[in-house]
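# Architecture at a glance
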Amino acid sequence: MALHLACRRLDAVAVDALLACGIEASRERNPLFWIAQTTVTGRRECALRVDRVLNAFGRGLKALLCAKSKADGSTVLHAVVAANNVPKSVRVELAAALVRRGASPRALDGHKKSPVRIAARSGCGELVAAVLQAFAASSEASDDAGDVLVDAAVGGCVGAVLD
């Protein structure tokens, strides 16, 4: 539980210390889901802290980013884009950082919705644009990236697709 709370606070020092003490991050009790409920409210502070927290997980990061919740099949990226209680600017920073590190905007949850479609349905064009830009710059972007663009357009964020 301490690792989960450290993730929620985006406290890289605490995450490092806990992992160094042998506390393991498991896919079943994924601490990264708590990032979506962060108590950090400033965009700059979030941008400075989220990469340090993600770095702390080392090689295990990709598995945690791809892990799906047993409850609804969502990934950490799904949780971040849907976290309406977190300031929009913070969600933008979190989502972009997760995609840069390997979270897939194409992953489908239990309702067959991608994170891009959820972000687009929320009407947050800035969030959609941030995910699309991070995805375009990632190694995962390829010729089949059209699905991600379709999700954004279907969700009502055509402007984010055209930018």
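Description of the structure in this document. Nothing here was measured: the structure is a model prediction, and the numbers come from that model.

## Observations concerning the packing of helix H2 (residues 12-20) against helix H3 (residues 43-56)
- H3 packs onto H2 with a crossing angle of 5° between their chain directions and a minimal axis gap of 8 Å. The orientation of H2 relative to H3 falls into the category roughly parallel. Each of Ala 12, Val 15, Asp 16 and Leu 19 in H2 lies in contact with H3, whose residues at this interface are Arg 52, Val 53 and Ala 56.
- Of the residues assigned to the contact of H2 with H3, the class counts are 5 nonpolar, no polar and 2 charged.

## What about the packing of helix H6 (residues 88-100) against helix H8 (residues 125-137)?
- Relative to each other, H6 and H8 sit at 20°, their axes nearing to 8 Å. Judged by the inter-axis angle, H6 sits roughly parallel to H8. For the pair H6 and H8, the sense of crossing is right-handed. From H6, Lys 88, Arg 91, Val 92, Ala 95, Ala 96, Val 99 and Arg 100 reach across to H8, where they touch Glu 126, Leu 127, Ala 130, Val 131, Ala 134 and Phe 135.
- Classifying every residue of the contact of H6 with H8 gives 9 nonpolar, no polar and 4 charged.

## Topic: H2
- Within H2 the residues assigned to the buried category are Ala 12, Ala 14, Val 15 and Leu 18. One side of H2 carries all its buried residues, which in axial view fall inside an arc of 160°. Summarising the geometry of H2, the exposed residues directed more than 90 degrees from the buried face are Val 13 and Ala 20.
- Of the surrounding secondary structure, the elements contacted by the buried residues of H2 are helix H1 (2-8) and H3.
- Where H2 starts, the residue carrying a side-chain oxygen 3.3 Å from the main-chain nitrogen of Val 13 turns out to be Asp 11.

## Some thoughts on H6
- If you check H6, its first and last C-alpha atoms are 18 Å apart, about what 13 residues at 1.5 Å a residue would give, namely 18 Å.
- Counting buried positions along H6 gives 10 out of 13 residues, so the element sits mostly inside the fold.
- The inward-facing, buried residues of H6 abut H3, helix H4 (61-66), helix H5 (76-82) and H8.
- Gly 102 sits one or two positions beyond H6 and adopts a positive phi of about 125°.

## Comments concerning the pattern of salt bridges
- This structure, assessed with the given rule, holds 7 salt bridges.
- Here Arg 43 makes a salt bridge to Glu 126, at a shortest N to O gap of 2.9 Å. Here the residue Arg 43 occupies a position in helix H3, and Glu 126 occupies one in helix H8, the gap between them amounting to 83 residues.
- Residue classification places Arg 43 among the partly exposed residues on the basis of a relative accessible area of 32%.
- The class of Glu 126 is partly exposed, set by a relative accessible area of 34%.
- Between Glu 45 and Arg 49 there is a salt bridge whose closest N-O contact spans 2.4 Å. In this pair, Glu 45 and Arg 49 are both assigned in helix H3, 4 residues apart and thus about one turn of the helix distant.
- Residue classification places Glu 45 among the partly exposed residues on the basis of a relative accessible area of 37%.

Each value, and the rule that gives it
- Residues numbered from 1 in each chain as written.
- Predicted model: local features only at pLDDT ≥ 70, side-chain atom pairs only at ≥ 80, totals over all residues.
- Heavy atoms only, no water.
- Axes fitted to C-alpha atoms, helices over the stretch in contact; angles between N-to-C directions.
- Helix = DSSP H or I, 4+ residues; strand = E, 2+ residues; numbered from the N terminus.
- Parallel < 35°, antiparallel > 145°, perpendicular 65-115°, else oblique.
- Contact = heavy atoms within 4.5 Å.
- Nonpolar A, V, L, I, M, F, W, Y, C, P; charged D, E, K, R; others polar.
- Left-handed = near helix turned anticlockwise from the far one by under 90°.
- Buried < 20%, exposed > 50% of the residue type's maximum accessible area, 1.4 Å probe, protein only.
- Arc of directions from axis to C-beta.
- Polar contact = N/O pair within 3.5 Å; in protein donor to acceptor, adjacent residues only side chain to side chain.
- Expected span 1.5 Å × (residues − 1).
- Salt bridge = Lys/Arg side-chain N within 4 Å of Asp/Glu carboxyl O.

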